[in-house]
Amino acid sequence: MTKIVGVRFKSVGKIYYFDPLDIDVKQGDSVIVETARGIEMGTVVLENREIDDEEVVKPLKTVMRIADEKDFQIKESNSKKEKEAFKICLEKIKEHGLEMKLVEVEYTFDASKILFYFTADGRIDFRDLVKDLATIFKTRIELRQIGVRDETKIIGSVGICGRGVCCSKFLGEFEPVSINMAKKQSLSLNPTKISGVCGRLMCCLKYEQDCYDELLKITPRKGAVVETQFGVGTVEYVNLLKGMLKVKIENERESSYQDCHVSEVKIIKNGKNYEDNEKIDEEMLKNLE
């Protein structure tokens, strides 16, 4: 077992593990830690605890101390510097005629490096820009290109549900989301209906997917031939979440439709996969993932 504390550097960001040494920290404490990119200030979200060695990438960096008033002053000073650096970088981007969008500027706590986050449609030759910025700020400069999901996480927005987007409110890390999830959930495959403000598939498609996967294992598909208490018929409609089927029963005299629960039928021959039911432009939708 390994003793750790979990620290976040942004309000909704990834949790990183650190060795607390002999320091007893509490949830919500601000701490100064050693990271791969220098000294940083973060917030404890997981108090001192022991976890399996397999969950830790060693060697762990250490917690140096609990932040004091002087540290908070440095943090506030860095925040003011970031706003000024943002303005300067915007001017330099325009001066160099670069097709890039500056999203955020971040100083490391010890000011040993300044990170400029940006988005762009393709690769950008920003070598001259880096030289100009290094000359102005006289410290290490790093320009980091991020994706549209990361941009939305940083800036924040409101989703079609009317609430703040999940990524900027509570999602510490992005999880893979696929078109197949939308198909299995019988959602409209109209890109405007299943994509978020970032232009990619909505993260919330992932939330109920495990439930859908379990239900799909036991539920006949549309077109399936099933045996019911009314006789053998064909599944015409499926309400996956309620577990209800509308089955067409045919005999020599007439046809009838019967409502049956999944538990009341036996599958003789299953139908097509749900994802095959709708003809779509796969290439267009793949761009949303």
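Placed above this text is the structure.
All figures in this text were calculated on a predicted structure; none of them were measured in a lab.

Engineer: Please provide a residue-by-residue account of the overall build of the chain, values included.
Structural biologist: Of regular secondary structure, the chain possesses eight helices and 13 strands. What you see for the chain is a C-alpha radius of gyration of 27 Å, clearly larger than the 19 Å of a compact globule of 289 residues, by over 25%. Referenced to the eigenvectors of the C-alpha coordinate spread, the extents of the chain come out at roughly 90 × 50 × 30 Å. Per-residue burial over the chain gives 35% buried out of 289 residues. For the chain, the share of sequence-separated contacts (at least 6 apart) that also reach a separation of at least 24 residues comes to 59%. With the model as given, the accessible surface of the chain reaches about 17700 Å², and the carbon-plus-sulfur share is 48%.

Engineer: Could you give an account of the environment of Lys87, naming the residues involved and the relevant values?
Structural biologist: By secondary structure assignment, the location of Lys87 is in helix α1 (residues 69–96). Measuring from C-alpha to C-alpha, the distance between Lys87 and Val105 comes to 9.7 Å, with 18 residues separating the pair along the chain.

Engineer: Tell me about the pairing of strand β10 (residues 231–239), residues and numbers included.
Structural biologist: Strand direction decides the pairing type here: strand β9 (residues 225–228) and β10, joined by four bridges, are antiparallel. Across the sheet, residue Thr228 finds its bridge partner in β10, namely Gly231. Relative to strand β11 (residues 244–250), β10 runs antiparallel, the two sharing six bridges. Note that in β11 the partner of Thr234 across the bridge is Lys248. Hairpin connection between β10 and β11: a loop of four residues separates the two successive antiparallel strands, and Gly243 in this loop has a positive phi of roughly 75°.

Engineer: Can you break down helix α3 (residues 148–155) residue by residue, with the values?
Structural biologist: Among all positions of α3, only Arg149, Glu151, Thr152 and Lys153 are buried. Contact partners of the buried residues in α3: β6 (101–107), β7 (113–119) and α4 (166–169). The positive-phi residue at the C-terminal boundary of α3 is Gly156, with phi of around 85°.

Engineer: So, the pattern of salt bridges: which residues are in play, and what are the values?
Structural biologist: Taken as a whole and judged by the stated rule, the model has 16 salt bridges. A salt bridge links Lys26 to Asp24, with the shortest nitrogen-to-oxygen separation between them at 3.7 Å. Given a relative accessible area of 43%, Lys26 falls into the partly exposed group. One salt bridge connects Asp71 with Arg65, and the closest N-O pair in it is separated by 2.8 Å. Using a relative accessible area of 32% as the deciding quantity, one classes Arg65 as partly exposed. Bridged by salt links that share partners, the residues Lys10, Arg37, Glu40, Glu104 and Glu106 form one connected network.

Engineer: With reference to specific residues and values, describe the packing of α1 against helix α2 (residues 127–137).
Structural biologist: A pair of packed helices is characterised by two quantities: the angle between their axes and the separation of those axes. The N-to-C vectors of α1 and α2 enclose an angle of 145°; their axes lie 10 Å apart at closest approach. Considering the relative orientation of α1 and α2, their crossing is right-handed. Across the interface between the two elements, Ala85, Ile88, Cys89, Lys92, Ile93, Glu95 and His96 from α1 touch Asp128, Leu129, Asp132, Leu133, Ile136 and Phe137 from α2.

Engineer: Outline the layout of surface pockets, supporting the account with residue identities and numerical values.
Structural biologist: Its boundaries defined by the atoms lining it, the largest pocket holds a volume of some 1300 Å³. Mapped by element, the contributors of at least two residues to the lining of the largest pocket are β2 (16–18), β4 (38–51), α1, β6, α3 and α4. Within the lining of the largest pocket, the residues separate by chemical class into 21 nonpolar, eight polar and 14 charged.

Engineer: An account of the nonpolar core is needed here, citing residue identities and associated values.
Structural biologist: With 18 residues, the main nonpolar core has Met100, Phe116, Leu133, Phe137 and Leu143 as its most contacted residues. Those elements that provide at least two residues to this core are α1, β6, β7, α2 and β8 (140–145). With residues near it in sequence (within four places) discarded, Leu133 still touches Cys89, Lys92, Phe116, Lys138, Ile141 and Leu143. One finds Ala224, Val235, Val238 and Val247 within the second-largest nonpolar core, a separate group that totals 10 residues.

Engineer: Got a sec to walk through helix α7 (residues 209–218)? Specific residues and values, please.
Structural biologist: Burial in α7 covers these residues: Gln209, Tyr212, Leu215 and Leu216. Seen along its axis, α7 keeps its buried residues to an arc of 125°; they face one direction. When the buried face of α7 is taken as reference, the exposed residues oriented beyond 90 degrees from it are Asp210, Lys217 and Ile218. Summarising the contacts, the buried residues of α7 are in contact with α5 (179–184).

The rules behind each value
Residues numbered from 1 in each chain as written. Predicted model: local features only at pLDDT ≥ 70, side-chain atom pairs only at ≥ 80, totals over all residues. Heavy atoms only, no water. Helix = DSSP H or I, 4+ residues; strand = E, 2+ residues; numbered from the N terminus. Rg over C-alpha atoms; globule rule 2.2 N^0.38 Å. Buried < 20%, exposed > 50% of the residue type's maximum accessible area, 1.4 Å probe, protein only. Contact = heavy atoms within 4.5 Å. Areas by Shrake-Rupley, 256 points an atom, 1.4 Å probe, with all protein chains shown as cover. Pairing = 2+ DSSP bridges. Salt bridge = Lys/Arg side-chain N within 4 Å of Asp/Glu carboxyl O. Axes fitted to C-alpha atoms, helices over the stretch in contact; angles between N-to-C directions. Left-handed = near helix turned anticlockwise from the far one by under 90°. 1 Å grid on protein atoms, 1.4 Å probe; cavity = no way out; pocket = protein on both sides within 12 Å on 5 of 7 lines; lining within 4 Å. Points joined across faces, edges and corners; volume = space filled by probe spheres on them. Nonpolar A, V, L, I, M, F, W, Y, C, P; charged D, E, K, R; others polar. Core = buried A, V, L, I, M, F, W, Y, C linked by side-chain atoms within 4.5 Å. Arc of directions from axis to C-beta.

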